[in-house]
Amino acid sequence: MRRGANKMQYDETCLEYFLAHQEQLLPEPVAETMEEAEEFLEDCMAVVCKNLKEVKAYFEDQGADIEGMSLKDLEEASEVFALPDGRYLIVEA
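Within any chain, residue numbers begin from 1 and follow the written order of that chain's sequence. Given that this is a predicted model, residues contribute local features only at a pLDDT of at least 70 and side-chain atom pairs are listed and counted only at 80 or more, while totals for whole chains, interfaces and linings are drawn from all residues. Based on all heavy atoms of the structure, the side-chain values leave hydrogens and waters out of the count.

### Some thoughts on the sheet that holds strand β3 (residues 88–90)
Part 1: Pairing between two strands is assigned when DSSP locates at least 2 bridges connecting them. Helix and strand assignments come from DSSP, with helices taken as H or I runs of at least 4 residues and strands as E runs of at least 2, each series counted from the N terminus. Here we have three strands laid out as an open sheet, ordered β1-β3-β2, and antiparallel in their pairing. With partners counted over all chains shown, the strands left at the sheet margins are β1 (47–49) and β2 (80–82), one partner each. With strand direction ignored, the average angle separating the axes of adjacent strands in the sheet is 25°. Orientation is described by axes fitted as lines to C-alpha atoms, over the contacting stretch for helices, and by angles from 0 to 180 degrees between their N-to-C directions.

### Structural notes on helix α1 (residues 12–21)
Part 1: Turning to α1, its buried residues are C14, L15, Y17 and F18.
Part 2: Every residue pair with non-hydrogen atoms within 4.5 Å of one another is taken to be in contact. Against α2 (34–43), β1, β2 and β3 lie the buried residues of α1.
Part 3: Polar contact is defined as a pair of N or O atoms within 3.5 Å, subject to the rule that within protein one atom must be able to donate a hydrogen and the other to accept it, and that residues adjacent in sequence are counted only when both atoms are side-chain atoms. The backbone nitrogen of T13 has a side-chain oxygen 3.2 Å away, supplied by the residue at the start of α1, namely D11. Exposure is judged per residue with a 1.4 Å probe applied to protein chains only, and the accessible area is read against the type maximum: over 50% gives exposed, under 20% gives buried, and values in between give partly exposed.

### Things to note about the pattern of salt bridges
Part 1: In what follows, salt bridge is the name for a side-chain nitrogen of Lys or Arg lying within 4 Å of a carboxyl oxygen of Asp or Glu. The tally for this structure, following the rule as stated, stands at four salt bridges.
Part 2: Put simply, D11 and R87 hold a salt bridge, and the shortest N to O gap is 2.8 Å. Of this pair, D11 sits in the segment before α1 while R87 sits in the loop between β2 and β3, placing them 76 residues apart in sequence.
Part 3: Among the ionic pairs, K72 bridges to E75, the shortest N-O distance being 3.7 Å. Within this pair, K72 and its partner E75 are both found in helix α4 (residues 71–75), separated by three residues, close to a single helical turn.
Part 4: Using a relative accessible area of 22% as the deciding quantity, one classes E75 as partly exposed.
Part 5: Several salt bridges share partner residues, and in doing so they unite D11, D85 and R87 into one network.

### Focus on unusual backbone geometry
Part 1: Positive phi outside glycine occurs at M45, with the angle close to 55°.
Part 2: With respect to the element layout, M45 can be found in the loop between α2 and β1.
Part 3: Taking relative accessible area as the criterion, M45 reaches 47% and is therefore assigned partly exposed.

Set out below in C-alpha cells:
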C-alpha cells in the first residue's frame, strides 16, 4: 500500500474529494488548490486503499489499536475518506 520513499501519486478524484471534505479531518482548511491538496497529502504520506479490507490491513500494519472495530467503524473514522469511486483515502495529519 505505502510505496516507501517513492512519491505517491494522487489522482484527480483523490485531490478533489479531499479539497471538498478536508474539514472531516481538520477544523480549518489546509489547501485551497489541487496543488496544495497534493502537497498536503504527500506531506502526510496519505494512502489510497482499494477497499475496506485494505484500510483495515493498513491500520493493523501501522500498529493502530483497532481491535473490536468493524469495517463500518473504520469507514467512519475521521482520517478515512470514502472516495466516490469506491476507494478509500487515509490521511493521518
